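# Reading the structure
Now for the letters of each chain:
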Amino acid sequence: MNKIYGEGETAVNALRDVSFSVKKGELLLIVGSSGSGKSTLLNMIGLLDRPTSGKVFLDGIDTTTLNDSELSSFRNSKLGFVFQFANLLSDLTVLENILLPRKIQRTNESTVDDAKKLLRTVGLEKQMNNRANKISGGQAQRAAIARGLINSPSIVLADEPTGNLDSVTAEIIVQLMKSLVKKLGQTFIIVTHDKHQFGDVDRIITIKDGHAFEGEEQRGMEVAAS
Amino acid sequence: MDYRVHLAKRMLTNKKGSLIGAVLAVSIGILVIHVNFVIFQGLYDAIVRDLKDYRFGDILVTDEENYIDKADIALINWFERIPEVEAATARMDSSASINATNNGKKTEEFRIPVVGVDPLRDTHVSTIHNTVGDGQYVFARNSIVLGSRVARDLGDIQVGDDVKLKFVSRYGEDKLRRFIVTGITSSAGGQGLDGSAVVHIDTLRSLLGRTDETGAILVKLNDPTKAVEIKDLFLRSFPTDDFKAETIEESAEAQLSGFRSGIALINLIGYFGMMSSAFAIVTIQMMLVSSKTREIGIMRAIGAKRKDILIIFIVQGMIIGVIGAAAGTALGLAYTFYAKETKMEFQGSLALEVTYNWEKTIQTALTSFVLAIVASIYPAFRATRLLPVEAMRSV
């Protein structure tokens, strides 16, 4: 896929001929320096933005053919999001935040039980009735992970999930995500500028000047598929 | 509860300042309409009440051409047989010049309206006798009650003074008669007989040479809503006579038509005030959308559709509308209650005739509610146009 912002002389190629695939249960790190295009790539995968050219397939479906409403449903059911600033809704409690994607889905499943189970998994059961703006940054990020998992998505996309946390809390979040990959077989695509924080992961893709490369360092080989 | 309603409620209650501001905008709009209604409709109804009580009754019967030549007692008995009629009385109208001598100074006033009343029956139909603040109502053939303005113009005539009235009879003759002033009448708001003189009807008939005639029959009903029905029955019962029968609304049309236009204009201004409230809601809702941009982005990212965002902000408009309409209506009704219980008046003017108009109350509340929703549509639409990626960048 390609992503170009602007037109004519002011056009910026944020992503150039990027193509790769992700296996189920994989923990994929997308690394790169600031402004390299890694968040843009995550937005394309997360269906929050559309590529200028190219296609994004998710569970075998060409998402570029979907309209806005279908994209919303797709995001809701197939994707989970964890943002740098947790991005919980401050008007809701922790539990309500975690339930929100399920409520948007309007399914009749036992939502509260699932949410409580997830809260236990991320170690937040005692804070579940606290307002989202009354918990610490690390707790908020754990709640955001739980929210990202509530609809059992195909992929959880995390954009600098530890970028706003101290090193101790960041380590807790990293270990939590890694344990979820192992325990639940959950696919994670994590954008970070600090790959060392994550230790061993299944795969790393490096973004530099809009190009994607397999591995930690640029080896002169653009990623085609894996 | 639907999550959109829950979220709309939470977003509003967590922005108490905005909620209070928007609710105040709606409720003040409603309150203004209630206050306008209490004052101007109350004034209008008070004038109608006083014109009815002092001059026209619920039904006024006159003759198309001149004076009624049928015996007044026959007509009064006809009316008083009807259960909905409380009482009826005869009156006679004319005019006269009035002379008075006060402290040796002679004063004369010309073309003063003179009303002839039946002292016994009139008190059952009209409340004009209650406006006699000084002295008492007409009780004898030679007694006269002067309107306060007439008494003043005649050099501050007092009860017990005598005045001389000059009439022109039906034959063109001047008829002079001396009366003793037994009372001075003065009505709040001046809808009474402040500019007239009141005498015994038989005296007036005699002076005018119209002993078997009557100027008008005033009818008081115990159920004023039956006025049209009884008027029509009367006209059908006397098809060959030249009677003219009018309800109070018809009799007082000349005095009331201009006032009605004024009330319509005031109401229009009130509704413009309500429109201003709607603009205030638009502004407040825009501020809410602006302050919730990041949240809108998050919701869109996790799967909320444009329609869901639209519903959240429309529901906020509905919440503002419901609370604002309830608060405004409560305040309006409280003001109406206060005005009614205290018989509100302004600087000694006539007491307002305050009524609860439930139809108008509901209509005003519903209009405000609908306006609050309509005012939320544009901000809600703006919220749906936010792109998730852009919205989430907002801090």
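This is a predicted model, so every value here is computed, not measured.

A tally of regular secondary structure across chain A gives six helices and 10 strands. At 17 Å, chain A has a C-alpha radius of gyration in line with the 17 Å of a compact globule built from 226 residues. If you line up chain A on its principal axes, its C-alpha atoms span 50 × 40 × 30 Å. Of all 226 residues assigned to chain A, the portion counted as buried reaches 46%. Put simply, of all contacts in chain A between residues at least 6 apart along the chain, 68% involve residues at least 24 apart.

Within helix α10 (residues 293-301) of chain B, seven of the nine residues are buried, which leaves it mostly tucked inside the rest of the structure. Buried residues in α10(B) make contact with α2 (68-78) and β6 (79-82) of chain A together with α11 (306-341), α12 (358-384) and α13 (388-393) of chain B. Following α10(B) by one or two positions, B:Gly303 has its phi on the positive side, about 120°.

Residues and elements named next belong to chain A. One non-glycine residue, Leu47, lies in positive phi territory at about 60°. Tracing the sequence through the fold places Leu47 in the loop between α1 (38-45) and β4 (57-58). Judged by the 22 C-beta atoms lying within 10 Å of it, Leu47 is buried. The phi dihedral of Asp59 is positive, around 50°, even though this residue is not glycine. Among the structural elements, Asp59 can be located in the loop between β4 and β5 (61-62). Residue classification places Asp59 among the exposed residues on the basis of 11 C-beta atoms within 10 Å.

Where interface size is quoted, it is often the accessible area lost as the parts come together. Residues and elements named next belong to chain B. Split by domain assignment, chain B resolves into domain 1 (3-50 + 256-393) and domain 2 (66-241). Centre-to-centre separation of domain 1 and domain 2, based on C-alpha positions: 51 Å. Listed as interface residues are eight residues of domain 1 and, on the opposing side, five residues of domain 2. Partitioned by chemical class, the residues of the side of domain 1 that touches domain 2 number four nonpolar, two polar and two charged.

At the junction of the two partners, chain B supplies 18 residues and chain A supplies 20 residues. Elements with a contribution of two residues or more to the side of chain B that touches chain A: α1 (3-13), α10, α11 and α13 of chain B. Per-class residue counts for the side of chain B that touches chain A are 10 nonpolar, two polar and six charged.

A separate point is the sheet that holds strand β9 (residues 203-208) of chain A. Residues and elements named next belong to chain A. Strands sit in the order β6-β7-β8-β3-β9-β10 across an open sheet of six strands; the sheet is mixed. At either end of the open sheet lies a strand with only one pairing partner, and these are β6 and β10 (211-214). Across this sheet, the average inter-strand angle for adjacent strands is 20°, counted without regard to direction. Bridging between strand β3 (residues 27-31) and strand β8 (residues 187-192) involves five bridges; their strand directions are parallel. The partner of Leu29 across the bridge, within β8, is Ile190. Helix-sheet contacts for α1 involve β3, β7 (155-159), β8 and β9, and the interaxial angle to β8 is about 150°. Across the sheet, helix α5 (residues 137-149) touches β6 and β7, and the angle it forms with β6 is around 170°.

Here chain B averages 91 in pLDDT, and 99% of its residues register 70 or above. Two numbers describe this predicted complex: its pTM, 0.79, and its ipTM, 0.88.

Where a protein is soluble and globular, its nonpolar side chains tend to be buried together. Judged by nonpolar contacts, the single largest core of 116 residues is most densely connected at A:Ile30, A:Ile98 and A:Ala146. Top element by residues in this core is helix α2 (residues 16-56) of chain B. It accounts for 13 residues. Setting aside chain neighbours within four positions, we find A:Ala146 in contact with A:Ile98, A:Leu118, A:Leu119, A:Val122 and A:Leu124.

Conventions used here
Residue positions are counted from 1 within each chain, in the order its sequence is given. Labels follow written order: the first chain is A, the first ligand is 1, and so on. Under the rules for a predicted model, residues below a pLDDT of 70 receive no local features and side-chain atom pairs below 80 are neither given nor counted, while totals for whole chains, interfaces and linings still include all residues. Only DSSP runs of H or I reaching four residues or more are called helices, and only runs of E reaching two or more are called strands; each is numbered from the N terminus. Two things to know: the radius of gyration comes from C-alpha atoms, and the globule rule equals 2.2 Å times the number of residues to the power 0.38. Any residue surrounded by 20 or more other C-beta atoms within 10 Å of its C-beta is treated as buried, while 12 or fewer makes it exposed and the intermediate range makes it partly exposed; C-beta atoms here are placed from the backbone. A pair of residues counts as a contact when their C-beta atoms, built from backbone coordinates, are separated by no more than 7 Å. Each domain's extent is set by a domain assignment, obtained either automatically or from a database. All residues other than Ala, Val, Leu, Ile, Met, Phe, Trp, Tyr, Cys, Pro, Asp, Glu, Lys and Arg, Gly among them, are scored as polar; the first ten of these are nonpolar and the last four charged. A pair of strands is labelled paired if DSSP reports no fewer than 2 bridges between them. Think of each axis as a best-fit line through the C-alpha atoms, taken over the contacting stretch in the case of a helix, with angles from 0 to 180 degrees between the N-to-C directions. Confidence of the predictor at the level of single residues is given by pLDDT, which spans 0 to 100. To define a nonpolar core, we join buried Ala, Val, Leu, Ile, Met, Phe, Trp, Tyr and Cys residues through C-beta atoms within 7 Å and take the resulting set.

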